[in-house]
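Listed below are the residues making up each chain.
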Amino acid sequence: MTEHDSDHIAHIHDDLHSHLPDEPALRAKALESLLVEKGMIDSAAVDAWVDAYSEDIGPRNGGRIVARSWTNPDFKARLLENASEAIKELELEQGHLMARENTEDTHHLIVCTLCSCYPMGLLGMAPTWYKMAAYRSRAVRDPRGVLEEFGVEVSESTRVRVWDSTAELRYLVLPQRPAGTDGWDEERLASLVTRNSMIGTHRDLSDRVASAN
Amino acid sequence: MNQPDALGPLVQNDNSPVFDEGWQAQVLALAFNLVERGQFTSVEWSEALGAELEKSKQRGEPDNSQSYYQAVLTALEGLLDAKKSQHIELIDERTEAWREAYLRTPHGKPVEL
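First things first, this report covers the structure right here in the doc. Small disclaimer: the values here were computed from a predicted structure and weren't measured.

### Considering the overall build of chain A
Thinking step 1. Helix and strand content of chain A: 13 helices and 4 strands.
Thinking step 2. Taken over the C-alpha trace, chain A has a radius of gyration of 22 Å; the compact-globule value for 213 residues is 17 Å, which it surpasses by more than 25%.
Thinking step 3. In chain A, which comprises 213 residues, the share counted as buried stands at 52%.
Thinking step 4. Considering only contacts within chain A whose residues lie at least 6 apart along the sequence, 67% involve residues at least 24 apart.
Thinking step 5. Averaging the locations of the 23 positively and 36 negatively charged side chains of chain A gives two centres separated by 7 Å.

And the structure:
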C-alpha cells in the first residue's frame, strides 16, 4: 500500500467516526470525568472557568487599577503600600499582590522563573511568551535584551528591576501616565493601559494616546 | 523592526491565541478549580508545574504552548497521584474508554461513555 493510499484510508476512517482527539485531550477528558465522579470538582465550575478565560477576559481590571493610581495619589500610595488591600476599593481581589511603579529612572519587569505565576484576575490569561522557558530565563539573565526584543527603549541610566512572581506573591507594574491625557476620566485612561505595560514589556504608552483620540 | 522576520521568538507570540486547543483550557481549569477547592495548595501546584517544565526542557522538547500544556497535564496527574487519590490509578483505563467511545460513535452523534 502506498503512503497516499494509507493516508486516504485514514481520512475515510476519520469521516466514519467522531473525530478522535489526540492523547492529551483524551487524558484531560478522562481526568475530568474521574474528578467529577469523585466529587473533587464541579464540572459547571470548570466550564465557567473555560468560558471566561477562553474568551480572554483581558487586562481591563489591571487597567482600572493603573488608571485609578494615575488620578488619585492617595489610592496610589495605598496601592504601593499594600496592593492586595487597595484593589478591594475597586472590588477586585488578587491574593498577595505588590505594585511596582515605573519612573523616569526605574523600569520594572515581571517574570515567574519557576512556572507561570501571573495575576490572572487582573490581567487575564498570561501571554504565550510569558510561559516560555526563553522568557523565564532571559528576563533574569538579560532583561535589557528582552526589553529590546519588545521594542522597549530604556536608557543606560535607567535601572531595570526584575521581580520574580510566585504562587504566593504576584506583581503588577504601574506604567507611567503618558503626556496629553490631562483631564481624561478613569475609564478613558484605563483603555490606554496594555497588558504588556503591566508586565513591563511595554513602557511608553504615549503611542496609545493618539489612537485613543 | 516591525517586519515579522525581524521579530524575536518572544514577540512572535505576543498576539497568539491563549489556547490552541480545547484540552489546554480544560486542564488549566481543572488545576485552578482543584486549588480553589483546597485539593492542593497554589504552592504545591506551582512547584509541580515548575518541575514538569524543567523536565520538559531537559528532554529538549520545543519551547512552545503545546509542551507547556502537556506539562500542566502531567503535573496535574502527578500531583493527584502523590495525593494518593485512588481514582487517578484509573486514568489509563478511563482514557482508553474515551478513545473507544470516540471510535464507536458515528460522526455527528454525541460521544458518551
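### With respect to the side chain of Arg100(A)
Thinking step 1. Inspection of the secondary structure puts Arg100(A) in strand β1 (residues 97-101).
Thinking step 2. Salt bridges are absent for the buried Arg100(A), whose nearest opposite-charge side chain, Glu101(A), sits at 9.4 Å.

### Here we look at the interface of chain B and chain A
Thinking step 1. Taken together, the 61 residues of chain B in the interface contact 59 residues of chain A.
Thinking step 2. Taken together, both faces of the contact between chain B and chain A bury some 5,300 Å²; the carbon and sulfur share is 65%.
Thinking step 3. Between chain B and chain A we count 5 salt bridges in total.
Thinking step 4. At the junction of chain B and chain A, the tally comes to 17 residue pairs in polar contact (both at pLDDT 80 or more).
Thinking step 5. For the side of chain B that touches chain A, the secondary structure elements donating two or more residues are α1 (22-36), α2 (42-58), α3 (65-82) and α4 (91-104) of chain B.
Thinking step 6. At 10 residues, the largest contribution of residues to the side of chain B that touches chain A is made by α1(B).
Thinking step 7. Of the residues contributing to the side of chain B that touches chain A, the split by class is 31 nonpolar, 18 polar and 12 charged.

### Looking at the environment of Thr113(A)
Residue and element names in this part refer to chain A.
Thinking step 1. Inspection of the secondary structure assignment puts Thr113 in the loop between β2 (106-111) and α7 (120-123).
Thinking step 2. On the basis of relative accessible area, Thr113 is assigned to the partly exposed category, the value being 32%.
Thinking step 3. For the pair Thr113 and Ala134, spaced 21 residues apart in sequence, the C-alpha separation works out to 10 Å.
Thinking step 4. The contacts of Thr113, once residues within four sequence positions are left out, are Arg136, Val140 and Asp164.
Thinking step 5. Within the structure, the side chain of Thr113 is placed 2.5 Å from the side chain of Asp164, a separation counted as a polar contact.

### A look at the pairing of β2(A)
Residues and elements named next belong to chain A.
Thinking step 1. Where burial is concerned, most of β2 is hidden: 6 out of the 6 residues are buried.
Thinking step 2. Burial along β2 is two-sided: the face carrying Thr106, His108 and Ile110 and the face carrying His107, Leu109 and Val111 are both buried.
Thinking step 3. Pairing between β2 and strand β3 (residues 159-164): 6 bridges, direction parallel. Bridge pairing links Val111 to Asp164 in β3.

What counts and how
- Residues numbered from 1 in each chain as written.
- Chains lettered and ligands numbered in written order.
- Predicted model: local features only at pLDDT ≥ 70, side-chain atom pairs only at ≥ 80, totals over all residues.
- Heavy atoms only, no water.
- Helix = DSSP H or I, 4+ residues; strand = E, 2+ residues; numbered from the N terminus.
- Rg over C-alpha atoms; globule rule 2.2 N^0.38 Å.
- Buried < 20%, exposed > 50% of the residue type's maximum accessible area, 1.4 Å probe, protein only.
- Contact = heavy atoms within 4.5 Å.
- Lys, Arg positive; Asp, Glu negative; His and termini not counted.
- Charge placed at Lys NZ, Arg CZ, Asp CG, Glu CD.
- Salt bridge = Lys/Arg side-chain N within 4 Å of Asp/Glu carboxyl O.
- Buried area = accessible area lost by both parts, 1.4 Å probe.
- Polar contact = N/O pair within 3.5 Å; in protein donor to acceptor, adjacent residues only side chain to side chain.
- Nonpolar A, V, L, I, M, F, W, Y, C, P; charged D, E, K, R; others polar.
- Pairing = 2+ DSSP bridges.

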